[in-house]
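# Observations on the three-dimensional arrangement
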Amino acid sequence: MKRKLAVQLYSLRNEAEKDFVKVLKTVADIGYIAVEPAGFFQLTPKEFRKIIADLGLEMYSSHRPWCNIDNIAESIDQAGELGLKQVVCGYGPEDFKDLDAIKATAEKTNIMQEKLAAAGLELFQHNHNWEFEKLDGKLKYQIYAELCPNVKFQIDAFWSSNFGANDPAEMVKLFAPRMSLIHIKDGLIHQKESELRMVNGTYDRKVELRPLGEGEMDIPAVLAATPDWIDNIVVELDYCSIDMTEAIRRSYDYLIRSGLGIGNKEFHP
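Rules and cut-offs
Residues numbered from 1 in each chain as written. Predicted model: local features only at pLDDT ≥ 70, side-chain atom pairs only at ≥ 80, totals over all residues. Heavy atoms only, no water. Helix = DSSP H or I, 4+ residues; strand = E, 2+ residues; numbered from the N terminus. Rg over C-alpha atoms; globule rule 2.2 N^0.38 Å. Contact = heavy atoms within 4.5 Å. Areas by Shrake-Rupley, 256 points an atom, 1.4 Å probe, with all protein chains shown as cover. Lys, Arg positive; Asp, Glu negative; His and termini not counted. Charge placed at Lys NZ, Arg CZ, Asp CG, Glu CD. Core = buried A, V, L, I, M, F, W, Y, C linked by side-chain atoms within 4.5 Å. Buried < 20%, exposed > 50% of the residue type's maximum accessible area, 1.4 Å probe, protein only. Pairing = 2+ DSSP bridges. Axes fitted to C-alpha atoms, helices over the stretch in contact; angles between N-to-C directions. Parallel < 35°, antiparallel > 145°, perpendicular 65-115°, else oblique. Left-handed = near helix turned anticlockwise from the far one by under 90°. Nonpolar A, V, L, I, M, F, W, Y, C, P; charged D, E, K, R; others polar.

So, about the overall build of the protein. Looking only at helices and strands, one finds nine helices and 14 strands in the protein. What you see for the protein is a C-alpha radius of gyration of 18 Å, in line with the 18 Å of a compact globule of 269 residues. In terms of overall dimensions, the protein has C-alpha extents of about 50 × 40 × 35 Å along its principal axes. In the protein, the share of contacts with a sequence separation of at least 24, taken over all contacts with a separation of at least 6, comes to 74%. Here the protein displays about 11800 Å² of accessible surface, and carbon together with sulfur accounts for 48% of that area. Within the protein, one finds 32 positive and 42 negative side-chain charges whose respective centroids are separated by 2 Å.

Okay, the nonpolar core next. In summary, soluble globular proteins display a tendency toward joint burial of nonpolar side chains. Of all hydrophobic cores here, the largest spans 81 residues; its most connected members are F48 and L255. Once residues within four sequence positions are removed from consideration, L255 is found in contact with L5, L212, I219, L223, I233, V235, L260 and G261. Core analysis: the second largest hydrophobic core is formed by five residues, A6, I33, Y60 and V234 among them.

Once that is clear, we can look at the pairing of strand β8 (residues 179–184). For β8, the tally of buried residues reaches six of six residues, placing the bulk of the element in the interior. Pairing between strand β7 (residues 152–156) and β8: four bridges, direction parallel. Each bridged residue has a counterpart across the sheet, and for I155 the counterpart in β8 is I182.

Turning next to helix α5 (residues 140–147). One turn of the α-helix equals 3.6 residues, which is why residues spaced by three or four share an orientation. Along α5, the residues classified as buried are K140, Y141, I143, Y144 and A145. Where α5 is buried, its residues contact α4 (99–118), β4 (122–126), β5 (134–135), β6 (138–139), β7 and α7 (168–175).

In the contact formed by helix α1 (residues 13–30) and helix α2 (residues 45–54), the axes pass within 10 Å of each other and the chain directions differ by 30°. By the angle between their directions, the pair α1 and α2 is classed as roughly parallel. Crossing of α1 against α2: the hand is right-handed. Between α1 and α2, the contacting residues are F20, V21 and L24 on the first element and F48, I51 and I52 on the second. A class-by-class count of the residues in the contact of α1 with α2 yields six nonpolar, no polar and no charged.

Two elements in contact, α4 and α5, have axes separated by 9 Å at closest approach and are oriented at 40°. Between α4 and α5, the crossing angle belongs to the class labelled oblique. Judged by the twist between their axes, the crossing of α4 over α5 is right-handed. Taking contact as the criterion, the partners of L99, I102, K103, T105, A106, T109 and N110 in α4 are, on α5, K140, I143, Y144 and L147. Tallied by class, residues from the contact of α4 with α5 come to six nonpolar, three polar and two charged.

The next subject is the environment of G92. Position of G92 relative to the elements: it lies in the loop between β3 (86–89) and α4. Among the residues examined, G92 registers a relative accessible area of 23% and is labelled partly exposed. The spatial distance from the C-alpha of G92 to the C-alpha of L181 is 20 Å, given a sequence separation of 89 residues.

Shown next as structure tokens:
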């Protein structure tokens, strides 16, 4: 199944700091159909929405607003400005460190979900690796999902591997009934977490991320496990050892050449 190609603009955050409009034009020129923003830099949400429309870009989801228990009303308002029907949330390692933490996180999430639902919005959650650790033989995310029956998931397949402890395609199958979106990145999966360190909320470059098709991810298997109602692929590289614009272009080319993605252009020779 071919899916429309989107890019998570967090990947290009350094370039966006200098000229966000130029980044949006570049993404459109590569051939991506859609973008998933993670901030608006010098633009207002309304300005952003107009600019991407003028460039022929679509938006299926956003990582702004990023909902938490303290900004629910603001998230509802901003989702309205962006014309979104879904709002994202996500948590750090401490929120999943043990069963008590997971229960507290679930309680907050359920409050958020109920208030968003009352406003006609769906709540989906984006994962990192810590949700896919095990607690008493069970994935922490499974425990959490049972406690939050109405939350949808945007599975980041690479992080769901938890550095090789899990098969990403199997993780997608496990959460497929409640998935609404998929994030695809690539890199070296089999690394020891003990060798890694967090920098500004993400892992430093010891986690080697690469353009799609150039790492260890079995991307065709992951996408084959992704439910058919998900009609788009969100490409994201938290960072990369090569120029990020080139990495995003090569990722696009891989998905088009492999017959996995639909874009506005053929791959680049």
